[in-house]
Amino acid sequence: MTHTATVHSSATITTAAESVDVFLAPPVLGMSRSSVSALHTIFDRHVETGGTWRDGWSALKAFDRKAERYGDLRYLRGLLSGSSLSKCSMAARPNGTGGVVNAQIRRTPDYAFLSGVLMCKGVWLCPLCAPKILSGRGEQIEAIQDHVDAVGATSLLVSLTLPHWASDSLDALFPVVSNAGAMFSHRAWRNVADDLDYVGVARSIETTFGANGWHPHWHGLMVFDTDLTDAQVARIRGTVQQLWSDRVAKLLGRSVVDDIAVDVRRWVNREGTRGVGHYITKLGKAWTVGQELAGGVLKDGREGSLTPGQLVRMARHGDPQAERRVREFYRVTKRAKRVYIAPALTAWAGIDDTDDDDLVATMQDAELVTELSPTVLSWIVRFGAETDVIFAGYYEGQQGIVETLRARGLRVVATTRDGPDGAVPVIELPPSPEPLE
Ligand SMILES: [Zn+2]
């Protein structure tokens, strides 16, 4: 008996299945035909190996997210050609002695990925690097909050926003927000800081685009090494409001409504719940775009606004206005720091100083499926076959990758090289050309 599961554009799925078939409409999901057939494979595999359709569905969504991220990256390589982002994940990493390391496909029980490639470490727009770096920063902020809880200190969530209109350029608004930290060197703040044992801030800059144009805003976790009273929190709120309204008046000539532009509140860590780190870095919101781009978001403004990731997706699918916004966003933000954690704060909380290199070089301990020679890597990038290769590696190992590449006409061979701990699997081109079978 055959049953059918249908994936609709709204991402609902219905099934009554022993054997499940998934129908996807490529234009709806923005995916290539080969990606769609890979989705079928994933779904079938989960059902064959005794998994439920729910397992298949979550694997399918993970694949879709990865395919979309690589699709966004390919689009951005063209749009921002010459930028470091345009070179992200295209070439193998130098080995320090004039050569390069082989790229690798690695896997864990839950997913697989490409590593050993040069990454741009772009925190604003790179669909591969930004989520990794933001996730790592989010975890550092979680660890800071854990320390706050452990020692009975106080952390305050502070948000700063600006009055803005559709006619404002991002050039005018962004530096007011991204350099807002400058106002904390003011004497009024230093007095508060000294009186209330201020340790430092972990802050993130977010920028969205909505009916009233660009909306950059500042979120920070400000930590005080004392158990603050409500009166002390009110004093902090008053000082931040004064400093922010002075800054906005001076730099933009606008007055702010204190209670709207400045929000200061205690981070309430309800037992068993975490999440302050991801609240600050807005990871989930910014980069799980999914398929909800079905228009109308900008027009009714009900959801407030679009993230840069959503603008990239719209631009990639042919929206020229979105494309203009993406270029503007890239130009204005590229030298700014998206997440900043005060060194005094990491030292106080006893957290390792992690740089962005560490954060993008993830999971070297995951199982090595195979290495890829630099030439093979360059062909995979040229084919835009990263996700197909990653998922072939996840499900079928080295041989699956070989077959995936041969199906595209590339004469690759599975071989090994000598490593310090024995043979290391490698995929490379044969030394002398062989005719295609
Ligand atoms: Zn990147």
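Residues numbered from 1 in each chain as written. Predicted model: local features only at pLDDT ≥ 70, side-chain atom pairs only at ≥ 80, totals over all residues.

A closer look at the overall build of the protein
Point 1. A tally of helices and strands in the protein yields 17 helices and 14 strands.
Point 2. The burial tally for the protein puts 38% of its 437 residues in the buried class. (Helix = DSSP H or I, 4+ residues; strand = E, 2+ residues; numbered from the N terminus. Buried ≥ 20, exposed ≤ 12 C-beta atoms within 10 Å, placed from the backbone.)

A word on the pairing of strand S13 (residues 413-419)
A regular strand places its side chains so that they alternate between the two faces of the sheet.
Point 1. Sheet topology note: the S13/strand S14 (residues 422-428) ladder contains seven bridges and is antiparallel. Of the residues in S14, the one forming a bridge with Val 413 is Glu 428.
Point 2. Hairpin remark: S13 followed by S14, antiparallel, with two residues in the connecting loop. (Pairing = 2+ DSSP bridges.)

Observations regarding the nonpolar core
Point 1. Among the nonpolar cores identified, the biggest contains 93 residues, and Val 177, Val 223 and Leu 345 are the most heavily contacted of them.
Point 2. The residues touching Val 177, leaving out its near neighbours within four places in the chain, are Leu 160, Leu 162, Ile 205, Pro 216, His 217 and Trp 218. (Core = buried A, V, L, I, M, F, W, Y, C linked by C-beta atoms within 7 Å. Contact = placed C-beta atoms within 7 Å.)

Quick word on helix H13 (residues 320-333)
Point 1. The end-to-end C-alpha separation of H13 is 20 Å, in line with the 20 Å expected for 14 residues at 1.5 Å each.
Point 2. By the burial criterion, the buried members of H13 are Ala 322, Arg 325, Val 326, Phe 329, Val 332 and Thr 333. Relative to the axis of H13, the buried residues are bounded by an arc of 140° and lie together on one face. Exposed and oriented more than 90 degrees from the buried face of H13 are Pro 320 and Arg 324. (Expected span 1.5 Å × (residues − 1). Arc of directions from axis to C-beta.)

Describing the sheet that holds strand S5 (residues 112-115)
Point 1. The mixed open sheet is built from five strands, whose spatial order is S5-S4-S12-S14-S13. Two strands close off the open sheet at either side, each with one partner strand: S5 and S13. Across the sheet, the mean angle from the axis of one strand to that of its neighbour is 30°, orientation sign disregarded.
Point 2. The pairing of strand S4 (residues 103-107) with strand S12 (residues 367-372) spans five bridges and is antiparallel. Along S12, the bridge assignment pairs Ala 103 with Leu 372.
Point 3. On top of the sheet, helix H16 (residues 374-383) reaches S4, S12 and S14; it is set at about 90° to S12, its chief contact.
Point 4. This element, helix H17 (residues 386-407), spans S4, S5, S12, S13 and S14 of the sheet and lies at about 100° to S5. (Axes fitted to C-alpha atoms, helices over the stretch in contact; angles between N-to-C directions.)

Points about the confidence of the model for the protein
Point 1. On average, the protein scores 82 in pLDDT, and the residues at 70 or more come to 77%.
Point 2. pLDDT under 50 marks residues 1-32. Its contacts with residues more than four places away, or in other chains, come to 54 contacts.
Point 3. Across residues 283-302, where pLDDT falls below 50, the model places 28 contacts with residues more than four positions away in sequence or in other chains. (pLDDT = per-residue confidence, 0-100.)

Some thoughts on the pairing of S5
Point 1. Bridge count for S4 against S5 is four bridges, and the pairing is antiparallel. For Arg 106, the partnering residue across the bridge sits in S5 and is Phe 113.
Point 2. A loop of four residues connects S4 with S5, the two strands running antiparallel in sequence.

Digging into the packing of helix H5 (residues 170-178) against H13
Point 1. Between H5 and H13, the shortest axis-to-axis distance is 10 Å and the interhelical angle comes to 40°. Between H5 and H13, the crossing angle belongs to the class labelled oblique. As for how H5 packs across H13, the hand of that crossing is right-handed. Residues Leu 170, Asp 171 and Phe 174 of H5 pack against Glu 328, Phe 329, Val 332 and Thr 333 of H13. (Parallel < 35°, antiparallel > 145°, perpendicular 65-115°, else oblique. Left-handed = near helix turned anticlockwise from the far one by under 90°.)

A look at unusual backbone geometry
Point 1. The phi torsion at Lys 121 lies on the positive side, around 60°, for a residue other than glycine.
Point 2. Along the chain, the position of Lys 121 falls in the loop between S5 and helix H4 (129-151).
Point 3. The phi torsion at Asp 197 lies on the positive side, around 55°, for a residue other than glycine.
Point 4. Among the structural elements, Asp 197 can be located in the loop between helix H6 (187-195) and strand S7 (198-210).

Structural notes on the packing of helix H12 (residues 308-316) against H13
Point 1. Interaxial distance between H12 and H13 falls to 8 Å at its minimum, and their mutual angle equals 135°. When the interaxial angle is binned, H12 and H13 end up oblique. Along this stretch, H12 crosses H13, giving a crossing that reads as left-handed. Residues Pro 308, Leu 311, Val 312, Met 314 and Ala 315 of H12 touch H13, and the partners they reach there are Ala 322, Glu 323, Arg 325, Val 326 and Phe 329.

As for H16
Point 1. Here H16 has its buried residues at Val 376, Leu 377, Ile 380 and Val 381. The buried residues of H16 occupy an angular sector of 140° when the element is viewed end-on, so they sit on one face.
Point 2. Looking at the buried positions of H16, the neighbouring elements they touch are S4, S12, H17 and S14.
Point 3. Note on H16: the residue one or two positions beyond its end, Gly 384, has a positive phi of about 65°.

Description of the environment of Val 240
Point 1. Looking at the element boundaries, Val 240 is found in helix H7 (residues 230-252).
Point 2. Separated by 52 residues in sequence, Val 240 and Ala 188 place their C-alpha atoms 9.2 Å apart.
Point 3. For Val 240, the residues in contact, after removing those within four places along its chain, are Val 158, Val 262 and Val 264.

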